[in-house]
Amino acid sequence: MSATRIRFAAIGVAVVLAVVGIVLALGMDDGGPTVTGGVVGESPQFEVETLDGDVLSSENLAGKTVVVNFWNTWCIPCIREAPALAEFYDRHAADDDFVMIGIVRDDGERAVREHVQAEGVAYEVAMDPRSRAALAFGVTGQPETFVIGPDGVVAAERRGEVTVTDLELMLDEARGRT
Amino acid sequence: MTRRWAPWLALLVLVAGAVVVLVARSQPSDSVEARAGRLERELACPVCTGESLAESNAPEARAMRDDMRERMAAGQSDGEIVSAYVRLYGERVKLKPDDGGIAVLAWGLPVVLFVVGGAALAAALVRWGRAPRLVADPDDERLVARARRETT
């Protein structure tokens, strides 16, 4: 290859790199960091009906610390985390400001009722037939757990299985103890 | 004089009318259903793999389809609706890259590669076309003749 061709090839590569650099530099000024999603810091508006027929909503739960767990009976990680949720609920059920709701993401009511009865789920379980609550929380699967502070703002969220320690830390964040 | 121009005038009116109709028909509709249809194709179902809202039958996708219509009825713009979903689900909810900044790479790189590739191919074809045809010289002829003699 002649020296002239090498020079032209080098100039070509330099031009391409310069263009890519300019485009990347423009991108850095374009709206800041990439948004990864989530509702921490947001106040999701929701309303669900429990299996007992009670309506729980962001309005009537204002002032409470609310743990919301999205789950299904057919979800293996949900079944695996169930003992942790039960233990955590037992620890805090008597707390004045504490409410815990298991919202069913995508399941039949009959299967849910049978599961709740068989497993002795003590906290509130609600259906979300039109997935409006799931949408309000930006749910992308199950299980997903959120803790809302007394101010109605989501303080913590976990996507996937949780442990009792996770739940305690999330509760502390919501209560402003961390 | 008027008779000479009449056919051209009629043709001009016809072409102008066709252009107006084409332009009017190519304008995107502002109806809620048309806007929702466009957004459903541009947004990903957040609980699916590689499916748009338009394609998915997941409960969340159905909820989002209802929700975006309610947001439109409440007066939100398409940009506001997309931003709300991006806040919830992150950038991955957008199937269509943005028009500016770093997203220019997604739109521009294929075009640049196509142009560069086309130019390289054209240059190669021109070069091959210019290459001199090989002509057998007397030495080659003698070599071939000898090879033929030896094989027969």
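Residues numbered from 1 in each chain as written. Chains lettered and ligands numbered in written order. Predicted model: local features only at pLDDT ≥ 70, side-chain atom pairs only at ≥ 80, totals over all residues. Heavy atoms only, no water.

## Some details on the overall build of chain B
As a reminder, the rule being used: Helix and strand assignments come from DSSP, with helices taken as H or I runs of at least 4 residues and strands as E runs of at least 2, each series counted from the N terminus. Think of it in three bands: residues with accessible area under 20% of the maximum for their type are buried, residues over 50% are exposed, and the middle band is partly exposed, with areas taken using a 1.4 Å probe on protein chains only. By definition in these notes, contact holds between two residues if any of their heavy atoms fall within 4.5 Å. For every accessible area listed, the method is Shrake-Rupley and the probe measures 1.4 Å; residues are considered covered only by the protein chains on display.
Within chain B one finds six helices and zero strands. Relative to its 152 residues, chain B shows a buried fraction of 22%. Intrachain contacts of chain B at a sequence separation of at least 6 include 43% that bridge at least 24 residues. Working note: accessible area of chain B is about 11,100 Å², and carbon and sulfur atoms make up 63% of it.

## What about the state of the cysteines?
Short version of the rule: Cysteine sulfur pairs qualify as disulfides if the two atoms are within 2.5 Å.
On inspection of all chains with the given rule, the structure shows two disulfides over all chains. The disulfide partner of Cys75 of chain A is Cys78 of chain A, and the gap between their sulfur atoms is 2.1 Å. The sign of the S-S torsion, about 85°, decides the handedness of the disulfide formed by Cys75 of chain A and Cys78 of chain A: right-handed. For the pair Cys75 of chain A and Cys78 of chain A, a shared accessibility class is recorded, and that class is buried. The disulfide that involves Cys45 of chain B links it to Cys48 of chain B, with 2.1 Å between the sulfurs. Taking the sign of the S-S torsion, 60° for the link of Cys45 of chain B and Cys48 of chain B, the bridge is right-handed. Judged by relative accessible area, which is 3%, Cys45 of chain B ranks as buried.

## Section: the sheet that holds strand S4 (residues 98-104) of chain A
Residues and elements named next belong to chain A. Inclusion rule: Only when DSSP finds a minimum of two bridges between them are two strands counted as paired. Only the stretch in contact is used when a helix axis is fitted, and all axes are lines through C-alpha atoms; the angle between N-to-C directions ranges over 0 to 180 degrees.
Pairing is mixed in the open sheet, where seven strands are placed in the order S2-S1-S5-S4-S3-S6-S7. Both edges of this open sheet fall to strand S2 (55-57) and strand S7 (154-159), since each of them pairs with a single strand only. Recorded for the sheet is a direction-independent mean angle of 30° between the axes of neighbouring strands. Of the strand pairs in this sheet, strand S3 (residues 65-71) and strand S6 (residues 144-148) are connected by five bridges, and their pairing is antiparallel. For Val67, the partnering residue across the bridge sits in S6 and is Val147. Those strands touched by helix H2 (residues 76-92) are S3, S4 and S6, and its axis lies near 160° from that of S4.

## Considerations on the packing of aromatic side chains
Residues and elements named next belong to chain A. Defined as follows: We call Phe, Tyr and Trp rings a pair once their centres come within 6.5 Å, taking the six-membered ring for Trp, and we label the pair stacked below 30 degrees between planes, edge-to-face above 60, and tilted otherwise.
Throughout the structure, instances matching the rule amount to seven aromatic pairs over all chains. Arranged with centres 5.7 Å apart and planes meeting at 75°, the rings of Phe88 and Phe98 form a pair that is edge-to-face. Of the two residues, Phe88 sits in helix H2 while Phe98 sits in strand S4, which places them 10 residues apart along the sequence. Here Phe88 matches Phe98 in class, with each residue buried. Between the aromatic rings of Tyr89 and Phe98, the centroid separation amounts to 6.2 Å while the plane-to-plane angle is 40°, which identifies the pairing as tilted. One aromatic cluster in this structure is built from Phe46, Phe70, Phe137 and Phe146.

## Quick notes on the pairing of strand S5 (residues 124-127) of chain A
Residues and elements named next belong to chain A. Filter applied, for reference: For crossovers, right-handed means that the path from the first strand over the helix to the second runs clockwise, given strands pointing away from the viewer.
Across two bridges, the pairing between strand S1 (residues 47-50) and S5 is antiparallel. In the sheet register, Glu49 faces S5, and the bridge partner there is Met127. Examined bridge by bridge, S4 and S5 share four bridges and lie parallel to one another. Counterpart to Gly102 in the pairing with S5 is Val125. In this region the chain leaves S4, passes through helix H3 (residues 109-119) and returns to the parallel neighbour S5; the handedness of that crossover is right-handed.

## Some remarks on the environment of Glu80 of chain B
All names here are of chain B. Selection criterion: Under the rule applied, a polar contact is a pair of N or O atoms within 3.5 Å (in protein, one hydrogen donor and one hydrogen acceptor; residues adjacent in sequence only if both atoms are side-chain atoms).
Along the chain, Glu80 turns up in helix H4 (residues 78-89). What makes Glu80 partly exposed here is its relative accessible area of 45%. In this structure the side chain of Glu80 is engaged in a polar contact, spanning 2.8 Å, whose partner is the backbone nitrogen of Ser77.

## Remarks on the pattern of salt bridges
To keep it simple, the criterion reads: In the sections that follow, a salt bridge refers to a side-chain nitrogen of Lys or Arg positioned within 4 Å of a carboxyl oxygen of Asp or Glu.
This structure, assessed with the given rule, holds 22 salt bridges over all chains. Salt-bridge contacts for Arg132 of chain A lead to Glu70 of chain B; the nearest nitrogen and oxygen are separated by 3.0 Å. Linking Arg132 of chain A in helix H4 (residues 132-137) with Glu70 of chain B in helix H3 (residues 59-73), this pair reaches from one chain into another. By relative accessible area, Arg132 of chain A is classed as partly exposed at 22%. Exposure remark for Glu70 of chain B: the relative accessible area of 42% places this residue in the partly exposed category.

## Considerations on the packing of H2 of chain A against helix H5 (residues 164-174) of chain A
Residue and element names in this part refer to chain A. Stated formally: An angle below 35 degrees is read as roughly parallel, one above 145 as roughly antiparallel, one from 65 to 115 as roughly perpendicular, and any other as oblique. A crossing counts as left-handed when the near helix is turned anticlockwise from the far one by less than a right angle, and as right-handed when that turn is clockwise. Residues are grouped as follows: nonpolar covers Ala, Val, Leu, Ile, Met, Phe, Trp, Tyr, Cys and Pro; charged covers Asp, Glu, Lys and Arg; every other residue, Gly included, is treated as polar.
Running from amino to carboxyl end, H2 crosses H5 at an angle of 45°, the nearest separation of the two axes being 9 Å. The angle between the axes of H2 and H5 places the two elements in the oblique class. In the packing of H2 onto H5, the handedness of the crossing is right-handed. Contacts between H2 and H5 pair Ala84, Leu85, Glu87, Phe88, Arg91 and His92 from the former with Val164, Leu167, Glu168 and Leu171 from the latter. Residue classes in the contact of H2 with H5 are distributed as six nonpolar, one polar and three charged.

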